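An overview of the molecular structure
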Amino acid sequence: MADCIFCKIVKGEIPCYKIYEDPHCIAFLDINQVSEGHTLVVSKDHYENFFDVKPDVLQKVVLSVQNVALGLRKALNLSGMNISTNNGTPGQEVPHVHFHLIPRFAGDNLVPWPSELMTADELKKMAERIRSRF
Ligand code: AMP
């Protein structure tokens, strides 16, 4: 897509700190590092987000994510990593499907999301509500 920043990076029209490339994805350092080595794995084809990716493409992209994660783990000698993807609003800043690979380090105190306990009844109702959509 002409005005998509990640499409421009894929095409080499704007620079990035690239660490990996294969036929389906490129991976580069996020300009805003949540932790040292924070990497984005970006599909070469433009899809707005995870929901939209064609299944056969998604299989390849997910394998690329694993490949990059393994390389990152080895390069930085990591024992932990968060892998996440933001989809839609709120949360997604760049509307081109990508995965965040966030290295974890002992004592980093990163708490990705706040959480709260639900009652057993609330959990039961929520599970029923979601299950009914399949
Ligand atoms: P989100 O869409 O919320 O998953 O976030 C998009 C991510 O892309 C943010 O973490 C940004 O720091 C990162 N980002 C945006 N532009 C660039 C760029 N030109 N190079 C590297 N990372 C970028």
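A short tour of the structure in this document, coming up. (Residues numbered from 1 in each chain as written. Predicted model: local features only at pLDDT ≥ 70, side-chain atom pairs only at ≥ 80, totals over all residues. Heavy atoms only, no water.)

The next subject is the overall build of the chain. Scanning the chain for helices and strands turns up 3 helices and 5 strands. Each helix (α) and strand (β) of the chain, taken in turn from the N terminus, gives the series α-β-β-β-α-β-β-α. Taking the principal axes of its C-alpha atoms as reference, the chain extends roughly 50 × 35 × 25 Å. The proportion of buried residues among the 134 residues of the chain is 31%. Look at the contacts in the chain between residues 6 or more apart in sequence, and 53% of them connect residues 24 or more apart. By element, 57% of the accessible surface of the chain is carried by carbon and sulfur atoms, the whole surface being about 9400 Å². Taking the 14 positively charged and 16 negatively charged side chains of the chain as two groups, their mean positions are separated by 6 Å. (Helix = DSSP H or I, 4+ residues; strand = E, 2+ residues; numbered from the N terminus. Buried < 20%, exposed > 50% of the residue type's maximum accessible area, 1.4 Å probe, protein only. Contact = heavy atoms within 4.5 Å. Areas by Shrake-Rupley, 256 points an atom, 1.4 Å probe, with all protein chains shown as cover. Lys, Arg positive; Asp, Glu negative; His and termini not counted. Charge placed at Lys NZ, Arg CZ, Asp CG, Glu CD.)

A separate point is the nonpolar core. Ranked by internal contacts, the top residues of the largest apolar core, which has 16 residues, are Val41, Val53, Val61, Val65, Phe99 and Leu101. Among the secondary structure elements, those contributing two or more residues to this core are strand 2 (25-29), helix 2 (55-76) and strand 5 (98-104). In this structure, Cys4, Phe6, Leu40 and Val94 belong to the second largest nonpolar core, which totals 9 residues. (Core = buried A, V, L, I, M, F, W, Y, C linked by side-chain atoms within 4.5 Å.)

Here we come to the site of the ligand. Taken together, 16 residues are adjacent to the ligand, and Asp30, Asn32, Glu93, His98 and His100 come closest. Within the contact set of the ligand, an oxygen atom lies 2.7 Å away from a side-chain nitrogen or oxygen of Asn32. Contact distances for the ligand include 2.8 Å between an oxygen atom and a backbone N or O atom of Val94. Within the complex, 89% of the 510 Å² of free accessible area of the ligand lies under protein. Spatially, the ligand is embedded in the largest pocket. Breaking the shell around the ligand down by element, the ones donating at least two residues are helix 1 (5-10), strand 2 and strand 5. Of all the elements, helix 1 adds the most residues to the shell around the ligand, at 3 residues. Each residue belonging to the shell around the ligand can be placed in one class, and the counts come to 8 nonpolar, 6 polar and 2 charged. (Near = heavy atom within 4 Å. Polar contact = N/O pair within 3.5 Å; in protein donor to acceptor, adjacent residues only side chain to side chain. 1 Å grid on protein atoms, 1.4 Å probe; cavity = no way out; pocket = protein on both sides within 12 Å on 5 of 7 lines; lining within 4 Å. Sits in = over half its atoms within 2 Å of the grid points. Nonpolar A, V, L, I, M, F, W, Y, C, P; charged D, E, K, R; others polar.)

Time to look at helix 2. The first and last C-alpha atoms of helix 2 sit 31 Å apart over 22 residues, in line with the 32 Å expected at 1.5 Å per residue. Of the residues making up helix 2, those classed as buried are Val57, Leu58, Val61, Ser64, Val65, Val68, Ala69 and Leu72. Buried residues of helix 2 fall within an arc of 145 degrees about the axis and therefore sit on the same side. Opposite the buried face of helix 2, by more than 90 degrees, sit the exposed residues Pro55, Gln59, Leu63 and Lys74. At the exit of helix 2 stands Asn77, carrying a positive phi of roughly 55 degrees. (Expected span 1.5 Å × (residues − 1). Arc of directions from axis to C-beta.)

Everything listed here is a matter of coordinates, which is why it stays silent on function.
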